[in-house]
Each structure stands twice: as C-alpha cells, then as structure tokens.
Amino acid sequence: MTVSTILPAADQVITPASKTNAAAFESSNPLLRSWADQPFHLPPFKSIEPCHFQPAFEVAMAAHLADLEAIAASPTEDFDSVLGAYDRAGSLLSRVSAVYGNYTSSLNTPEMQKVQTEMAPVLSRHNSKAYDVPGLFEKVEKMYFIKDEKLVSGEWTAEQARLAERVYVRFVRMGAKFDAATKAEYADIQAKLASLLTQFMQNVLKDEEEWELILTEEDMKGCPPDLISAARKAAVDRNKAEPTDAHVVTLGRSMVEPFLSYASRRDLRKQVFDAFSKRGELSPDRQNLAVAVQVLRLRKRQAELHGKKSFAEYQLEDTMAQTPENATALMNDVWSKAREAANRERDAMEEFLKERGESLEGGIQPWDWRYYAEQVRQAKYAFDENEMKPYLSLDAVTKAAFDVSGKLYGLKYIPRKDIVAYHPDVNVYEVRRANCDDDELVAIFLHDNFARAHKSSGAWMSELRTQKKNVASGTDEIEKIPIVLNNNNFNKGSSSSLLSFDDAVTLFHEFGHGHHGMLSDATYEYLASTSVLKDFVELPSQLMEHWIGETAVLKAHAKHCETGEMIPDDLIKRFKAAELFNEGFATVEYTSCALLDMAVHSLSNYDDEFDLAKFEKTYLAEIGMPQGIIMRHRPAHFLHLFASSSYASGYYVYQWAQVLDNDVFAAFEETGNIFDPDTAERCRKCIYSTGNTVSPQELFRMFRGREPDPKFMLKNRVHPLNMALIRNFNLVLSVLLQLSNARAYNCASACSLTRRHRPAFFHNAGKSIAFSGTIGISKPFYLPTLFSSTMDDVSSAATKSVPADNPLLHSWDDQPFNLPPFNSIQPSHFKPALEAAMEAHIADLEAIASTTEDDFDSILGAYDRAGSLYSRVGSVYGNYISSLNTPEMQKVQTEMAPILSRHSSKCNNVPGLFEKMEKMYNVREDKLEKGEWTAEQARLAERVYLSFVRKGSKFDEEGKKEYADIQAELATLQTNFMQNVLKDEEEWEMVLSEKDMAGCPPDLVAAARQAAVDRNHSDSDAHLITLGRSLVEPFLTYSSRRDLREKVFEAWTHRGELSEERDNLSIATKILRLRKRIAELHNKPSFADFQMEDSMAQTPENAMKLMKDVWSKAKDAADRERKAMEEYLEEKGESLEGGFQPWDWRYYAEQVRQAKYAFDESELKPYLSLNAVTNAAFDVSNKLFGLKYVKRSDIVAYHPDVDVYEVRRSNGEEDELVAIFLHDNYARPHKSSGAWMSEYRTQKKNLIPGSNSIDGIPIVSNNNNFAKASESTLLSFDDGVTLFHEFGHGHHGMLSDATYEYLASTSVLRDFVELPSQLMEHWLSEPVVLKKHAKHYKTGEPVPDDLVDRLKAASLFNEGFATVEYTACALLDMALHSLPEYGEDFDLGKFEEEYLNEIGMPNAIVMRHRPAHFLHLFASQFYASSYYVYQWAQVLDNDVFAAFEETGDVFDRETAERCRKLIYSAGNTVAPQDLFRTFRGRDPDISYLLKNRGLV
C-alpha cells in the first residue's frame, strides 16, 4: 500500500513556502534548519527527537497559512499566482510532516505517541483553517470555472486544467461552500476524528507490543528452522533470553501466520489466533470497538453536512467506482465464487483428516485452517513452502525487484551505505536512469525491511519528498527529485533473512508503489505520484507482483542462500501447480473485510443501541461467511478503516485494482515477452509517470485502447500474485489521522505526512608528511600534509574515547561516505579536537609498545591502524589551513603548530616503541624468505623503521630533546612564513578602469571585474588585479600598459616582503639554520645530504647533474627566444626604455607567438571552459582506467565552489565505489595560491576490526586557483595542464591498492611523487582529446583543426623561458640547502643575487618562486632541497608516455593496465626504481624529456 497521511482529510500536502519563517531555519531544531548539508537534502534523521515536532509544526503551520493568505490577498489572478502558488505553498509543513509521518509509523516510541496524541487535533484544526482562508476559495473557484475556456484557447495545458479541477473538488469536499456555523461544526468533527483515529491506532500498536507467548523449543514442534530462529531472536529482543530455551511468538503477522501454518500444537495455535484476532480489545482500558463507533457517528454527520445519505456515498463520489453499489457489485461477484472455492478447500481438509483417522474437537476452526491447508498442499502437490524459502533470501528477492525494474524502466539502484537513515535496518539507494551522456538521478529510495519494536505492522510505501517541477524560484534542483520509502515487516534472520513467497510478493507490491513515486513525471506536486483516485492507486503495486511469479525471474534470481545454486526446475513446477491452492480462503478472508467495510459505512444510523460486534456477527452470517474462516481484519483492529479515513468504505480498492492489473499484465503476455520494451514504455507513461494529471479511466483506455476486462482477473486468481499483499495490509494507515480522501494509500496502513495532497491542511498538502601549514604553490604540486614538520604516518584508528560535543569528534557515520560534517565545523573546534586526538593517538602507540605479542599485526599492523582520530581531524585541519585560512583559522594554526610538532616528537619517543619497530626491521628478510610475511609487509617494516631513525629515535635523550625543540620552532616559523605570503596576496590589489585593461582578452576583463565585486568595490567601472596567479600571468601576457605590468610584476615577485612587519627573508634564514642543525644531529654535512638520502636521486650531486644538463640547454633556448622578441621589436620600430625587462617577457613572447604561429592563446580559451577540461579529464580517466565520475550535487562540501563526485569502476556485475573526489577549482580569499592534491582519507585495507568498509575508500581533493567568471570560466592551455596535473595526483590517491595506509597512495619517495601527475598532463594536448572535448562554450562547436595545428606548432615556443624560470628555483634550492653554514652575516637576498649570476641567469627572467615567497621550501619541509623532483619526474613521465605512443594508441588498454598497477596503484609497496624497471624493462632514458621540451 501507499501510506496515506497523517492529518485529517486533505488531498494535498504542501510545497515550497514563500513566507517560511527564516529565523526558524537558523534555530536549534533540526526540522527547521536547512537540510542542504544532508545528502540529497534528506532529513537529518540522527538529530531528530520527538520533542522537536511540536515546535516545528507550530512554525510550519504559521508559514503555511501565510502562504495561503498571500495567494488570497494577491491582486494578480493568473494561473501561476493562484494555482501554481497553491501547489508550491507550505513546503516547510510538507517536509516536517514527512518526517513526522515516518516516525509515527516506523519509530513510534512512547514519547512519539504522546506527541502524536497531542498534535492530532491541532493539525486537524490547522487543516480546517487552511481551507477557510478568507478569499482563497473564491480564487480557486474562479480558476475552476474558466478552466475549459483556457484549455480550448491554448492558454492552459491539460495538466493545468486538471489541477484547477482537482483543487476545486478538494475545497468543496472539505466544506468550502458551507456557511460559517457549518464550517465550525465540520472543523470540530475533523478535530475529534483526529484524536479518535490516533487513539485507535495506538491501542492496536500497544496490544501488539505487549502481548507475547513464551514457549520452549519443544513447543515449537512442526515449525520450520527459520521461524524457530525468529522466535528465539524475539525472546532475546524482548529480554526473555533466559532460560536459554525461551522462544517468543508475538502478534507480528510475520510470526503469527507461519506459526498458525506449521505449529503442531493445536492449543497453542488457538491461543495465538485468539490474541491476534482480538487486537484492539485485549486490555480493558483499550476498547477499540467503542472508539470505532464514535468514528462512524462522526463520519455519518460529515456525510449529512454534504447532503449524502451515508459516508460510503460521500466517500465514493470521488473514485472510479463512483457509488457504493458499483463497488459492491464487483465484490459480490467475487464473493460467491470465493465461498464455493473455500468450501471445497475445507472439504479437502476434512477428507485428509478422515484418511489419516483424525478428528478435531468442534470441527475445523479458524486456528486450524492454515495448518491443515499446508498439510494438504504438501500431500497433494508435494510442495512445502519451507523448501522454497532458502531460495528466496531477502537479498535475492530485492535484487530480483531491482533487475525487473531495470529491464522494464531502465532504473539502476546504487547502494549508498555511507548514508545513515532513521534506523540501521534501512538501506538507501540512488536510483538512476541512462540519459544520453550520463545516468540521471531519478529518485532516492529507502528500503526498511525488518519488523521491530515501535514499528507499525504490515507493509507500506511513503514519500519523504514527492516529485515535482513547479518549485519556487531559486530552489535547488534536488528538491524536484522524489525520496521514496518502502516499509516491510519481515523477520530478521541471524544470517540470511528468508522470505516466504507471499513475503516476496509483498516486497514486489510495495516496490510497485515505489515505482509510482520514483517514475512520476508531473509538473505539479498536487497531481504527482500516488495522488490518484483511491481505486487506481493499487494498480501500479499489484501489477509489479506479477513478475516475481514468472519462471524467468525465479530462474535468474532464486538462488540458495548458502550454496548459491539456482532453484530447481522441479521445485518451480510444484510451486506453480500449488499456486491456486487455498485461494478461496484468501479471497474470502479479504472480501469479507471489504464487504463489511462498505456495509458498515453505508448505514444511515448509529444510534445508542448500535453494537459493532453484533453488527459484524449478524452481517457475516447474512452473507454466508464460511465456517472456519474469520475476516482478515476484525473491526477492533481494522486500521485501514479506523486509523485513517483513506480506506474507509474504500477497502474494496485492492479488488477493483486487480481487474486493472491483471488486464495490464496481459498486455505484456500478449507480446510474448514480459519485458517487451514498447509495452513497458507505454506502461511507464500511462500507469507510473502520469499521476493524477489525467483521469485514471482515460489512462487505462490510453494503455489498452478499451475498457478494463475482468476475465483476466478471474483467470489469474492465484494467491501469490493477488492476495499476498492483502495479507500484509495490516499497517497503520495513517499515523495520525487522515480524514477523508487523503492522497496516500495503504497496504497495511502506516502513515506519513510525507506525501503532498494528503491531509487537507497540507494544501497538497596523510597521510601526513606534514607541514605547519599547507602550501600554496604556483607550480602544480602534490600537497602531502597537514601538520608540523615531521610525521610520516598519520595513523589509523584511535582507541580511546573522546569528548562528543565537537563535530570533529562525533561519529561521521551519518555523513555521506563518512565525509567530515563541514557545515558544522568552526575554527574553535580544532584545538580541543586535536588535543583529544593526540591523547588517543599516544594511547594507541603506548598499547603497541606495552603489548607482549610480537607478531606482525600486533606491532606493525597496529601501528598502521593507530591514531585514526588524529588522522581524520588532521585531514580537515590541513584542508582549512590551505583552503579556508581565515584570520580565526590562522590564529588556531599559529597556536597549534608547535603543539602538533611536539606531539610528533612524542609519538616517535614512546618508550619501547622503537625497539619493537627495530625488531620487526631486523627479522623482515628472514620472514619474507620463509613466506611468513608478504613483500608488502617487509616493505612496511623497512619504511617504518627508516622513518623512526630519520626522526631521531637513535639519538640520546639530549639529542631527542633538542630535535623536538627544533621541530617545534620550525613549525612556528613555517606557519609564519606561509601566513605572511597569504596576507600579502590578500591585501595587495591594483584597481583599474576598463580602459586600463587595454589589450586584455574579454575573459580576463570579466575576471578582473568579478574580483572587484568580490572585494566590495562599488565603482561600476572598477576592475581589480590581485596577486592570484590566474590574474597576474594573463595580465603580464596581454596588458599593453607597460607601466601597469611593471607594477603588478614587482608586487608579485616581492610577496612575503611587501610589508615591513612581514619579513620572510629573515624567517627563511632562521629555518635554514635549524635545518642545518637537524643535518648535524644526523651526522650529515648539509640538510640537502640528509634530505636526499631517502630519495631516488640519493645525493644532491645526482640531482644537480640532471638539473645542470637541462640548465645549459634551457639557457640557450631562452637566449634564442629573447633575440626573437628583440628582432620583433626592431621590425616594428619600437624600443623599450631601460631595455628588455622581466615584466616585458610574457607580453612580447605572446606577440611573437601570434606573429610567428598565428596562434593567440585567447583564441583557444573559449574552447577550454572549466567544464570542458574537467569532462576531458574524466573521459581520459575512464578510457585509461575505467573510472566513472558521478556528480553528487546533494553533498555540501566546505565551500559552495567545491564539486563532489563518486568515483566508480565496473567490476563485472556492478559499479564498485573506488573513491570520493572533491574538486575545488576557484581562487578566493583565505585560500592558498597554486594547485595541490590532498586526501581526507587514504585508501587502505588494514582496517580496525568492526570498521565500516567505507573507511577504506579514499577521499581525494584537488585544489586549483582559476579566476571565477560570472559566466563560463575559461582556462588557458597552461591552466588546463594544471588541472590535468592535479588530476594525475588524484589518480594516485584514487587508484591506490595497498594493504597498509602507511604505504598507500602518494606516500612514495618525493622524486617519484610527481610522475603520476606529470604523466597525466600529456593527454590534454593529444588531438583526439582536444577534438572531442574542446568545444566552444557558447556554440558547442568543436575546436577547429587549424587551431589545434597552430597550438601544436606553437607548443614549444617559450619553453626555454619556462624551463629557466623553474630550473633556476630548483638549482637555488639545492645550492641553498647544501651550504655548510649560515653565519650571522648570511644574507639570503644577496645569496640569491650572487648565485643566479654564478649560474648565468638570463637577463629579464626572474625565478618562478623567489625566496621570500618560496612556499615549497619554507612553508614545509617536504620540498626543501627537493624542488628538483618535478624535473626528475619529467624524465620518468616522458619515458612512460612514450610507452603508450609506441603502441600507436595513447589509450592502449594493456599499457594502461600496467601503468595503473605499477605507477598509480602500488604506492610505496615496492621501491620506485623497481616499479619503473618493471614497467619499461630498463632504467629511465632522458632523451624523451629533451625531445619533448625542444631542448635537443
């Protein structure tokens, strides 16, 4: 069933409120806060408590009335201002009620029941107010009377006319035409009904929760093992676990019916049956018959107010059946046949007893029927339901439903284990459908399958959000996507949960309702999804049931839960043969309920003498109720009728819909293919997608081309396909109340204010290698760290408990993919979180040091896992100090830098820890040789030991203390250095007019204008150049104003020393002296010698040799380039005052390039939008490594600019989650400059026992600093290369496949780390990539061949300048860190000048990073004396790419797979030299680099 709603009588639940109280969203109530930080804007379930609902409803009701009053008062009377606005009104009420409905059906604790009791009449009163807003009905009525005219004239669509009709009908049915006195009476009736319906439902729920029968295993004789197991589990769940033989049978239908079918103890069957059939009257203080009579009287008065003779007449007026007589005629036709069948079934059981020589005292009683029916079925058809159950595990049946859904409607279900719903039993899925280029998000699907305490019985579908297109301006697109919930009540097994076939049908039935919500495609929410007439709503659900009975589906999915074997053909044959058995009983059991429902609601009088129990007995005798059968729902627990008004005099709808669903399924059968695509598409459009936009009669005629034919139902009356759903319709239909004709429908009844158009008042209704700060570097690079200077491992799992009042310390299980709860984090949280994390980290390490175990896992395995809290807090901390480094964050960073450094030293000096690591190191080769350790384990032992040694573990106590002091001081200095650069970049600006931007391309002019707006410059002609590289470099390249170029260049090259109070040269000198002392403690002549010891190059001399080889060639090339520019100036008759200067080079290089190659970078830019280049990167990633990027617009990261993606890869049967990827592309205040990759979580397999598997999935972040444009952001080709470069680092993290986090991802030697990133750059310039993705951002036209040719021709132009600019930095870095001392008279500025003169720095070129802002060197230690690594890696990346070129296919699969395994996935599990040799079969060859750089 679909769940009807919670409030009294209304077809409509709300939409977006235009006047929602803004303050409410800022309150402490999670129901009133924005949910934009939740995945898919799901409710923040984990934060919601029963006490939140009443205040939330008060705010929501006020907002709803304000919306309706605004419509009534508006002078505008067009469609959108009245009906469009009405459809949108009250979104806050809708969403609050959606959660409320869910809680009152699925989590209806005693606290929630109190809320429900209190709120029922309040919500009803609001409902009445909503239909009585002065002037509102008059507007609705006017729309109704002009609908035909507007439709004929073409001013309105058919859907708009339908909306006018349905809204008007609802207002009339809610009493809008009554006089004031009658309206008041009507409102009183609704409020009283609200309370009574709630009371009725809660009475049933209490009886079901309180009653239990405690048995021994012997008492369970005859019951199948899964039922015995479920009864034992119920005993444990109800705290009746002692004695150990205790088993409990409760009043859940999933226990009662199988117990009645298999328990051989007749006395116990009777005891269970009596309690089950008397729910609602088991306790003297819960007399539901009296409550039901009061409900009947109020409904009769409601009908009288509408001028109807009975409530049934009033209720059926707005249905397909139209009158009680029409519905009863169908039921009577079925009834006579069902009784005859039931009598034959009873005769067969009596014959069976006679043959066995048995007799029953009193004859066959209701508690005997199921038991002996099962005996006869086994004897007659050799079919035992229990023989089939092992093939129908819940997982198997769910997969079958998903597969059928995929075959029919192209839907894919992606499990989202990272999303925590309102209960751990609930599975969450993204539902997607292929749509041209990608899979579009269709819906979010929640599957809640198990019975539990405080959950209503039965099965139902509800919606937490209904599909719609008519949303308020500015609403997030995700709000149009439905969130659909299916609830079942299956017994939860200890391993596999096994279903009966009836259970499987129930699952498919609710899944059909789910399709109705997920496939909805209406404009107006009032008409969407299940908001159809009540006798049409069960068609989509009952139709879906047919497929589970199909042999093809069973053969594909019914697999044994233990062996995996397919269901035997013989078992299917026996099942099919037994299908019709006991169908008479099932049909009688249901139809008697429907007949009594219609009869009791057709009465004209319920006087004081009226006795409902007597009426039941008399009526059933009158219609000839067969002996031994009682109604499925007796009046005292008939929730469909008395817990809501939706199914009151409407229980016939299941049988009515059976006529329709059997006819529709026949259309599939007639094609010879039950998955016929044409029929399925028509079915989707007519049955599932249209909602109430067209009358149901017309929809059916559109699909079948005729009226329904009942012959298909009569032919197919097989109990698995038609009646099993009714066996599950025991759920509380309306969790609150739900007066007449609420839009939702029920299969057992639970409710949810979830759906719109329901109750009337709802108007529809690092890895840390560590930095004291992160680095912002202009050259694309890998950002490896988080903290202060020396932590090669940021462990894995804290074992100590920590405070829980800090979002950094809470569990993140409720966040998608266990991402950090970014929206909750403030700078003030970091210090206490880091303090708690450090304490937990030390505790982990001390536990390792003190353990008496000496095996690998107890020492190295535990070390790799240690400190997970520290790692995760640190990852967020590192991100904030690089991407959100506000003044508040800078204060935290300054304070924490030395503290974190001290912690690093403390970790390295935990007493006894190093000795354990040393022992592991010393036995590694022996363990490897004996096969006791893997090669990766031996590598871990080696790398951990080396890290300890390099961090001073072999020093004496005095040396350790000095080393710790040095690290703490370095942490502070490196932080100060980084913050000084950041402050210079944030404070300096040059304000220009548009005229001053002469020569600059339009995208640069637009970016400068946007920068002025972002920095609050009010002058409409203001344009701003800041010190962001994405503005500086293009300005130096295109600006024709030499004076302005000079000004910008001077500021740019003097960052870190623009203010007297920020003297980075003196800070850098202090850093150099401290590093020299580190080297001395390690007995090395220089810091460069110490640093290079753990690298591929091994010595400073080896690195210098490579750089000097390149340097001489680069200088020659740069000289040629300068001469070409001088010749260009001479040809133009121009001269430059003071000669050629650094601020001239880029400008005239561009002029020469345009003249020589007819190539203008700005001509290419329109084809390189950020979106285009990103898509190109994703496509290359897919072609090489099979990765798919699924954008998650619903996930809010730490800044609105950040895009979040799921990264998936096919593993045969389905797409497995590989990583989460965050893409932060734009420059902004408080974000470091440059580009970098970092990780929030590193890939690993060595998880803490009991961890969520998601904790092994990497979360990778790429940061760039592109200038954000108001329209499309256009990139230079260099920008595009930067994006690809960082994406290469991203691959290194995402494709990592190591067991131990310590060796995973980018934790490789530093001169190997740039290989994966620089390798990726090659693909962007490939013509096959450019031709596919470089498309004009406005026209969509691909980049012209001629432009690609000119790009290629000009690609090496100015390469000498670029190589000199970089190599000079690398040479100075190595020379500086190779000095034997830095005396008191050492002058870093002077050293720079003298060294560059010594190596022959070409005139008019300045180092890319001058010392005062050289963040690679002085904001961390990672690249100190290691800036050469980019060039070292260039030798490798050019050689590796040559391997692709040699195949003739840059996407060669075999080469790509070897590249993945050896370059991207291996991490540090193997020495990098060995990885390269394995890939190429030899050592690296520099010739590829020289050739590709044009240096040969």
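The structure we're discussing is the one just above.
This write-up is about the structure you can find in this document. Values in this document were obtained by computation on a predicted structure and should not be read as measured data.

Procedures and definitions
Residues numbered from 1 in each chain as written. Predicted model: local features only at pLDDT ≥ 70, side-chain atom pairs only at ≥ 80, totals over all residues. Heavy atoms only, no water. Helix = DSSP H or I, 4+ residues; strand = E, 2+ residues; numbered from the N terminus. Expected span 1.5 Å × (residues − 1). Buried < 20%, exposed > 50% of the residue type's maximum accessible area, 1.4 Å probe, protein only. Axes fitted to C-alpha atoms, helices over the stretch in contact; angles between N-to-C directions. Parallel < 35°, antiparallel > 145°, perpendicular 65-115°, else oblique. Left-handed = near helix turned anticlockwise from the far one by under 90°. Contact = heavy atoms within 4.5 Å. Nonpolar A, V, L, I, M, F, W, Y, C, P; charged D, E, K, R; others polar. Core = buried A, V, L, I, M, F, W, Y, C linked by side-chain atoms within 4.5 Å. Polar contact = N/O pair within 3.5 Å; in protein donor to acceptor, adjacent residues only side chain to side chain. Salt bridge = Lys/Arg side-chain N within 4 Å of Asp/Glu carboxyl O. Patch = residues over 30% accessible without salt bridge, like charges linked within 9 Å, V, L, I, M, F, W, Y side chains within 5 Å. Areas by Shrake-Rupley, 256 points an atom, 1.4 Å probe, with all protein chains shown as cover. Lys, Arg positive; Asp, Glu negative; His and termini not counted. Charge placed at Lys NZ, Arg CZ, Asp CG, Glu CD. 1 Å grid on protein atoms, 1.4 Å probe; cavity = no way out; pocket = protein on both sides within 12 Å on 5 of 7 lines; lining within 4 Å. Points joined across faces, edges and corners; volume = space filled by probe spheres on them. Phe/Tyr/Trp six-rings, centres within 6.5 Å; stacked < 30°, edge-to-face > 60°.

1. Description of helix α6 (residues 158-173)
End to end, α6 covers 23 Å across 16 residues, agreeing with the expected 22 Å (1.5 Å per residue, within 8%). Burial analysis of α6 places 12 of its 16 residues in the buried class, the great majority of the element. Downstream of α6 by a residue or two, Gly 175 has a phi angle that is positive, lying close to 95 degrees.

2. Some remarks on the packing of helix α33 (residues 887-908) against helix α36 (residues 957-987)
Packing of α33 against α36 brings their axes to within 8 Å, and their N-to-C directions diverge by 155 degrees. On the basis of their axis angle, the class for α33 and α36 is roughly antiparallel. Note on packing geometry: the crossing formed by α33 with α36 is right-handed. Contact residues: α33 offers Gln 890, Gln 893, Thr 894, Ala 897, Pro 898, Ser 901, Arg 902 and Ser 905, while α36 offers Ala 964, Asp 965, Gln 967, Ala 968, Ala 971, Thr 972, Thr 975, Asn 976, Met 978, Gln 979, Leu 982 and Lys 983. Each residue belonging to the contact of α33 with α36 can be placed in one class, and the counts come to 7 nonpolar, 10 polar and 3 charged.

3. A word on the nonpolar core
Phe 508 and Trp 547 are the most contacted members of the largest nonpolar core, which has 169 residues in total. Counting residues in hydrophobic clusters, the runner-up holds 143 residues, among them Leu 973, Phe 977, Met 1407 and Phe 1476.

4. Considering the environment of Arg 1045
Along the chain, Arg 1045 turns up in helix α39 (residues 1042-1053). Remark: the alpha-carbon pair of Arg 1045 and Asp 1144, spanning 99 residues in sequence, is separated by 7.7 Å. When near neighbours in sequence (up to four residues on either side) are disregarded, Arg 1045 contacts Phe 1035, Leu 1036, Ser 1039, Ser 1040, Trp 1143, Asp 1144, Tyr 1147 and Tyr 1148. Separated by 2.7 Å, the side chain of Arg 1045 and the backbone oxygen of Ser 1039 make a polar contact. Here the side chain of Arg 1045 touches Asp 1144 through a polar contact of 3.0 Å, side chain to side chain.

5. Focus: the pattern of salt bridges
This structure, assessed with the given rule, holds 126 salt bridges. Of the charged contacts in the structure, one is a salt bridge between Asp 148 and Lys 147, with a shortest N-O distance of 3.7 Å. By relative accessible area, which is 48% here, Asp 148 ends up partly exposed. According to the relative accessible area criterion, Lys 147 is buried, its value standing at 11%. Notably, a salt bridge pairs Asp 418 with Arg 416, separated by 2.5 Å at the nearest N-O pair. Assessed through its relative accessible area of 1%, Arg 416 is described here as buried. Each of Arg 416, Asp 418, Glu 430, Arg 432, Arg 1192, Asp 1194, Glu 1206 and Arg 1208 takes part in one network of salt bridges that share partners.

6. Some remarks on unusual backbone geometry
One non-glycine residue, His 41, adopts positive backbone phi at about 60 degrees. You will see that Asn 582, though not glycine, has its phi angle at about 70 degrees, which is positive. With respect to the helices and strands, the residue Asn 582 is situated in the loop between α20 (569-577) and α21 (583-601).

7. So, a negative patch on the surface
Together, Glu 1381, Glu 1384, Asp 1385 and Asp 1387 make up a negatively charged patch on the protein surface. Considering the arrangement of structural elements, one finds Asp 1387 in the loop between α50 (1359-1377) and α51 (1388-1399).

8. Quick word on empty space enclosed by the protein
Roughly 150 Å³ of volume is contained in the second largest cavity. In this structure, the second largest cavity is lined by 18 residues; those nearest its centre are Phe 273, Arg 370, Glu 589, Ile 630 and Met 631. For the lining of the second largest cavity, the secondary structure elements donating two or more residues are α9 (253-262), α10 (266-277), α14 (366-381) and α21. In terms of residue count, the dominant contributor to the lining of the second largest cavity is α9 (4 residues). In terms of residue class, the lining of the second largest cavity is built from 9 nonpolar, 3 polar and 6 charged.

9. Section: the packing of helix α8 (residues 225-237) against α9
It is at 11 Å that the axes of α8 and α9 come closest, and there the two elements cross at 135 degrees. By the criterion of interaxial angle, the relationship of α8 to α9 is oblique. Viewed along their axes, α8 and α9 form a crossing whose handedness is left-handed. Between α8, through Leu 227, Ala 230, Ala 231 and Ala 234, and α9, the contact on the second element is made entirely by Met 255, Pro 258 and Phe 259. For the contact of α8 with α9, a count of residues per class yields 7 nonpolar, no polar and no charged.

10. Comments concerning the packing of aromatic side chains
Within a pair of aromatic rings, the relevant descriptors are the distance that separates the centres and the angle that separates the planes. Evaluated as defined, the whole model comprises 86 aromatic pairs. Here Phe 45 and Tyr 422 contribute two aromatic rings whose centre-to-centre distance is 5.4 Å and whose plane-to-plane angle is 65 degrees, an arrangement assigned as edge-to-face. Placement of Phe 45 in the segment before α1 (53-73) and of Tyr 422 in the loop between β3 (411-415) and β4 (426-435) is noted, with a sequence separation of 377 residues between them. On the basis of relative accessibility, which here comes to 8%, the residue Tyr 422 falls in the buried class. For the ring pair Phe 830 and Tyr 880, a centre distance of 5.2 Å and an interplane angle of 65 degrees mean the geometry is edge-to-face.

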